[in-house]
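# Coordinate analysis (summary)
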Amino acid sequence: MNIILIVVLALIAILIVAIICWIIGTYNKFIKMRNNVDEGFSTMDVYLKKRYDLIPNLVATVKGYAKHEAEALEKTIAARNMAHASGDITKQLQAEGAISGALKSLFAVTENYPELKANENFMDLQNQLKVLEDEIASSRKYYNGVVKIYNTKREVFPSNIIAKWFKFEKRPLYEVSAPEERENVKVEF
């Protein structure tokens, strides 16, 4: 009887150690994944900051040629300011949609001004913005990828138990929120 009791206690001890090791391993995995999500957002944020800094130069260049197109210019600056001032990740991701739509409208307006399209400063700014938009798109893909992995781990059993215990919150994906972003830009001559 003593041997059976010792074996049962040893098995229980092994089981407890295995559960503790699993909890520690799962917790550490969540920390690594959360850090990847934060790094993905931070990378995207760096490119967005570059875009915020470029927009006033672009708008100022267009203003010189298109004085009566104030509405498109004001929308672009307002969208930039809204995105730059937003405090949390969800609001910033939503505001980015407004910037993309405003920039599309701005470039549609520039189609009416051939001398603007030939302007060296404008062309340089437009090329810089194109490169930045490509970098932003790549960083959004990376961000969404790491968020998907993190959120999936957070929701599947049995790791969802650890996620709830340690309050690992769901992270938002970057999604196109503005309906105008899904539409083609209409260019009229």
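Residues numbered from 1 in each chain as written. Predicted model: local features only at pLDDT ≥ 70, side-chain atom pairs only at ≥ 80, totals over all residues. Heavy atoms only, no water.

## Regarding the overall build of the chain
For the chain, the count of helices and strands is six helices and zero strands. Helices and strands appear in the chain in the N-to-C order α-α-α-α-α-α. In the chain, buried positions account for 34% of the 189 residues. Across the chain, the fraction of contacts at a sequence separation of at least 24, relative to all contacts at a separation of at least 6, is 77%. (Helix = DSSP H or I, 4+ residues; strand = E, 2+ residues; numbered from the N terminus. Buried < 20%, exposed > 50% of the residue type's maximum accessible area, 1.4 Å probe, protein only. Contact = heavy atoms within 4.5 Å.)

## Regarding the packing of aromatic side chains
Following the criterion strictly, the structure yields five aromatic pairs and no others. Here the aromatic residues Tyr-27, Phe-30, Tyr-150, Phe-166 and Phe-168 are joined through ring pairs into a cluster of three or more. (Phe/Tyr/Trp six-rings, centres within 6.5 Å; stacked < 30°, edge-to-face > 60°.)

## Topic: the nonpolar core
Residues Leu-58 and Tyr-143 are the most contacted members of the largest nonpolar core, which totals 31 residues. Among the elements of the structure, α1 (2-65), α3 (89-110), α5 (120-155) and α6 (159-165) are those that each provide at least two residues to this core. Take this core: its biggest share by element is 12 residues, from α1. Tyr-143 has contacts with Val-37, Gly-40, Phe-41, Met-44, Ile-89, Leu-93, Pro-172, Leu-173 and Tyr-174, leaving out every residue within four places of it along the chain. (Core = buried A, V, L, I, M, F, W, Y, C linked by side-chain atoms within 4.5 Å.)

## Considering a nonpolar patch on the surface
A surface patch of nonpolar side chains, amounting to about 740 Å² of accessible area, comprises Ile-4, Leu-5, Val-8, Leu-9, Ile-12, Ile-16, Ile-20 and Ile-24. Turning to its location among the elements, Ile-20 is positioned in helix α1. Classification of Ile-20 by relative accessible area gives partly exposed; the value is 44%. (Patch = residues over 30% accessible without salt bridge, like charges linked within 9 Å, V, L, I, M, F, W, Y side chains within 5 Å. Areas by Shrake-Rupley, 256 points an atom, 1.4 Å probe, with all protein chains shown as cover. Salt bridge = Lys/Arg side-chain N within 4 Å of Asp/Glu carboxyl O.)

## Details of the environment of Met-44
Topologically, Met-44 is positioned in helix α1. Relative accessible area serves as the criterion here: at 0%, Met-44 is assigned to the buried category. Along the chain, Met-44 and Ile-136 lie 92 residues apart, while their C-alpha atoms are 6.0 Å from each other. With sequence-adjacent residues up to four places away left out, Met-44 is seen in contact with Leu-93, Ser-139, Arg-140 and Tyr-143.

From the geometry alone we can't say anything about function, so treat these as descriptive.
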